[in-house]
Amino acid sequence: VPAEFDLMRTRLQCDLAIIGGGIAGLWSLARAREAGFSAVLLAKGPLGAGQTIWSQGIIHGGLKYALSGQATSAARAIAEMPARWLNALQGRGEIDLSAVRPYADHQHLWTAPGLAARFAGLAASHAIRTPVAKVGKADRPEALAEAPFGVGVYRVDEPVLPVRTLLDALAQLIGPAALAIRSVEAITPPGAGDADGLRIEATTQTDPENEAAVAAIKIRARRVLLAAGAGNLDLLALAGHGGLARPPAVMQRRPLHMVVARGALPVLNAHCVGASAKPRLTITTPPDDASGEDQRTRHQRTWLIGGQLAEEGLQRSPAQQAQVARQELEACLPWVKLDGVRFTTGHVDRAEGRTADGQKPDWPVTLAEGPVMVAWPTKLAFAPLLADKVIEWLRASGLSPGQAELSALELGPHASIAPYPWDEAGVAWL
Ligand SMILES: Cc1cc2nc3c(=O)[nH]c(=O)nc-3n(C[C@H](O)[C@H](O)[C@H](O)COP(=O)(O)OP(=O)(O)OC[C@H]3O[C@@H](n4cnc5c(N)ncnc54)[C@H](O)[C@@H]3O)c2cc1C
């Protein structure tokens, strides 16, 4: 153990320690503090690294249910999400995200040309609160303006958010509470007669240039929330809940091979629906920097492309996936010129609570055992609902705000914000 390991020891005490700095951990921390609890967040890697920074930023309001014609209780829960987010974005919600402007307050849906697109569930959208309305030629977005007769264009009132700006606003909100760690070394449950809660030991690298400059962080927390996405299984084992982590584990991964296109592209935030209820392509146009600047005035735009293309392209090489993406764009948007457009691709797993059939859960999934809760939001959009569950658990388990010692948080090191994966150094454009 290097000498500085002991010298630079940081000791903290709080009500709640959150491990993982994606949307689940950040939103929960903001809400826990609003509720009067002291909290600290430990993030391995920059904030949002993993699923959140890859996310397309769509605040779902139940379009999926409109497509499949269901109006279940899950559909109604989702339908509430856009309003909760919009309240937060307007500074009058559960947390203040007034620094974030959605880059689109609605998105679109278009039917693939030449296909008998099944859009039977449209009527269900009246039963839930996500209006899906057919738009006339005059109201189409630029990218769909030239769609020929037979291509239906619909407007869907689901906002689309710039994820980096969102992460930035959340980081501002929680101030120094997010510490950058190298790893969590131990999570020790309270022993008999030990009222002070769990002990968490983590290490942090104090000098990014020097691998050996490592310090220990020791935290006493009355509760711990594991919000580390795909990292939750290892943490469960570390916390002595290995039973949950062994097969059939409580978590499932659903991998994606996402595509990013860059070039002289029009702004488009939309799903293309074909013969199935799942979108064939989901395209968003994220702003290209943290300022959230709109790209309307730019010659170069970035499209983040998911949907069936990403679900079905897992075995393809980046070059093959880029080629299929080009073909799909030509088939679904033949009126958009792709001259000079270049592509890059990336693999990312969705980490979620396990379902019997391997499909996406309808809700955020949380499991609590003693002073430990593990959580997967299932969707970025569900972060408010996940935080509700966390706060309910804290209260129901008898926690009231207790003694806190967090002055050492000022020392850092503080977690930075993940860059968009396609802006990282060394990305190969095909
Ligand atoms: C390509 C893609 C597109 C998506 N699009 C949308 C969308 O448009 N709308 C929507 O609502 N949802 C979308 N989702 C889903 C959404 O992104 C996820 O549900 C959500 O981001 C999960 O958040 P999280 O905080 O649980 O996990 P993550 O964002 O993965 O965060 C977990 C964090 O924990 C950290 N970590 C891991 N292990 C440890 C450890 N041992 N110690 C400390 N930290 C650790 C990781 O580095 C990571 O930063 C999308 C997902 C993907 C993959």
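Residues numbered from 1 in each chain as written. Predicted model: local features only at pLDDT ≥ 70, side-chain atom pairs only at ≥ 80, totals over all residues. Heavy atoms only, no water.

### Concerning the overall build of the protein
Argument step 1. Summing up its helical and strand segments, the protein has 13 helices and 16 strands in all.
Argument step 2. Out of the 430 residues in the protein, the part that is buried amounts to 54%.
Argument step 3. For the protein, the proportion of contacts with a sequence separation of at least 24, taken over those separated by at least 6, is 74%.
Argument step 4. A total of about 18100 Å² of accessible surface is found on the protein, and carbon and sulfur atoms cover 51% of it. (Helix = DSSP H or I, 4+ residues; strand = E, 2+ residues; numbered from the N terminus. Buried < 20%, exposed > 50% of the residue type's maximum accessible area, 1.4 Å probe, protein only. Contact = heavy atoms within 4.5 Å. Areas by Shrake-Rupley, 256 points an atom, 1.4 Å probe, with all protein chains shown as cover.)

### So, the packing of aromatic side chains
Argument step 1. Taken as a whole and judged by the stated rule, the model has three aromatic pairs.
Argument step 2. Pairing Trp27 with Trp85 gives two aromatic rings, centres 4.6 Å apart and planes at 50°, and the pair type is tilted. Taken together, the residues Trp27 in helix H2 (residues 23-34) and Trp85 in helix H6 (residues 81-89) connect sequence positions 58 residues apart. One exposure class covers both Trp27 and Trp85, and it is buried.
Argument step 3. Put simply, the rings of Trp54, Tyr420 and Trp422 pair up and form one aromatic cluster. (Phe/Tyr/Trp six-rings, centres within 6.5 Å; stacked < 30°, edge-to-face > 60°.)

### So, the side chain of Thr203
Argument step 1. Inspection of the secondary structure assignment puts Thr203 in strand S8 (residues 198-205).
Argument step 2. A residue is classified by how much of its surface remains accessible, and Thr203, at 4% relative accessible area, is buried.
Argument step 3. Here Glu185 takes part through its side chain, which lies 3.2 Å from a polar atom of the side chain of Thr203. (Polar contact = N/O pair within 3.5 Å; in protein donor to acceptor, adjacent residues only side chain to side chain.)

### Things to note about the pairing of strand S1 (residues 10-19)
Argument step 1. Across the 10 residues of S1, nine count as buried, placing the element largely inside the fold.
Argument step 2. Pairing analysis gives four bridges linking S1 to strand S2 (residues 39-44), with the strands arranged parallel. The residue bridging Ala17 from the neighbouring strand is Val40, located in S2.
Argument step 3. Since S1 and S2 lie parallel, the crossover through H2 that links them has a hand, and here it is right-handed. (Pairing = 2+ DSSP bridges. Right-handed = clockwise from strand over helix to strand, strands pointing away.)

### Thoughts on helix H12 (residues 318-332)
Argument step 1. With 15 residues, H12 extends 21 Å from end C-alpha to end C-alpha; this agrees with the ideal 21 Å at 1.5 Å per step.
Argument step 2. Taken as a whole, H12 has its buried residues at Gln321, Ala322, Ala325, Glu328, Leu329 and Cys332. For H12, the angular spread of buried residues about the axis comes to 125°, placing them on one side. (Expected span 1.5 Å × (residues − 1). Arc of directions from axis to C-beta.)

### Side note on the sheet that holds strand S11 (residues 270-273)
Argument step 1. Taken in spatial order, the eight strands of this open sheet run S4-S5-S3-S11-S12-S13-S10-S14, and their pairing is mixed. In this open sheet, the two strands that pair with only one neighbour each are strand S4 (132-134) and strand S14 (342-353). Strand-to-strand, the axes of this sheet are offset by a mean angle of 25°, without reference to chain direction. (Axes fitted to C-alpha atoms, helices over the stretch in contact; angles between N-to-C directions.)

### Looking at the nonpolar core
Argument step 1. Among the nonpolar cores identified, the biggest contains 95 residues, and Trp85, Leu97, Ile187 and Ile219 are the most heavily contacted of them.
Argument step 2. For this core, the element with the highest residue contribution is helix H13 (residues 383-396), accounting for eight residues.
Argument step 3. With 29 residues, the next largest nonpolar core counts Leu268, Ile283, Trp335 and Val341 among its residues. (Core = buried A, V, L, I, M, F, W, Y, C linked by side-chain atoms within 4.5 Å.)

### Digging into the site of the ligand
Argument step 1. Lining the immediate surroundings of the ligand are 33 residues, of which Lys44, Ala49, Thr52, Ile58 and Ala381 lie closest.
Argument step 2. Taking Gly57, its main chain carries an N or O atom lying 3.3 Å from an oxygen atom of the ligand.
Argument step 3. At a separation of 3.2 Å, a nitrogen atom of the ligand approaches a polar side-chain atom of His60.
Argument step 4. At the level of elements, H2, S2, helix H3 (51-54), strand S10 (251-263) and S14 are the ones that each hand at least two residues to the shell around the ligand. (Near = heavy atom within 4 Å.)

### Notes on the confidence of the model for the protein
Argument step 1. For the protein, per-residue confidence averages 88 on the pLDDT scale, and 88% of positions sit at 70 or higher.
Argument step 2. Considering only residues more than four positions removed or in separate chains, one finds that residues 1-8, a stretch of pLDDT under 50, has 11 contacts.
Argument step 3. In the model, residues 120-129 has pLDDT below 50 throughout and makes 21 contacts with residues more than four positions away in sequence or in other chains. (pLDDT = per-residue confidence, 0-100.)

### A word on the pattern of salt bridges
Argument step 1. Taken as a whole and judged by the stated rule, the model has 12 salt bridges.
Argument step 2. Of the charged contacts, one joins Arg222 and Asp15 as a salt bridge, the two residues approaching to 2.6 Å between their closest N and O atoms. With Arg222 in strand S9 (residues 214-226) and Asp15 in strand S1, this residue pair connects regions lying 207 residues apart in the sequence.
Argument step 3. If you follow the salt bridges from partner to partner, you end up with Arg31, Arg84, Glu94 and Asp388 in one network. (Salt bridge = Lys/Arg side-chain N within 4 Å of Asp/Glu carboxyl O.)

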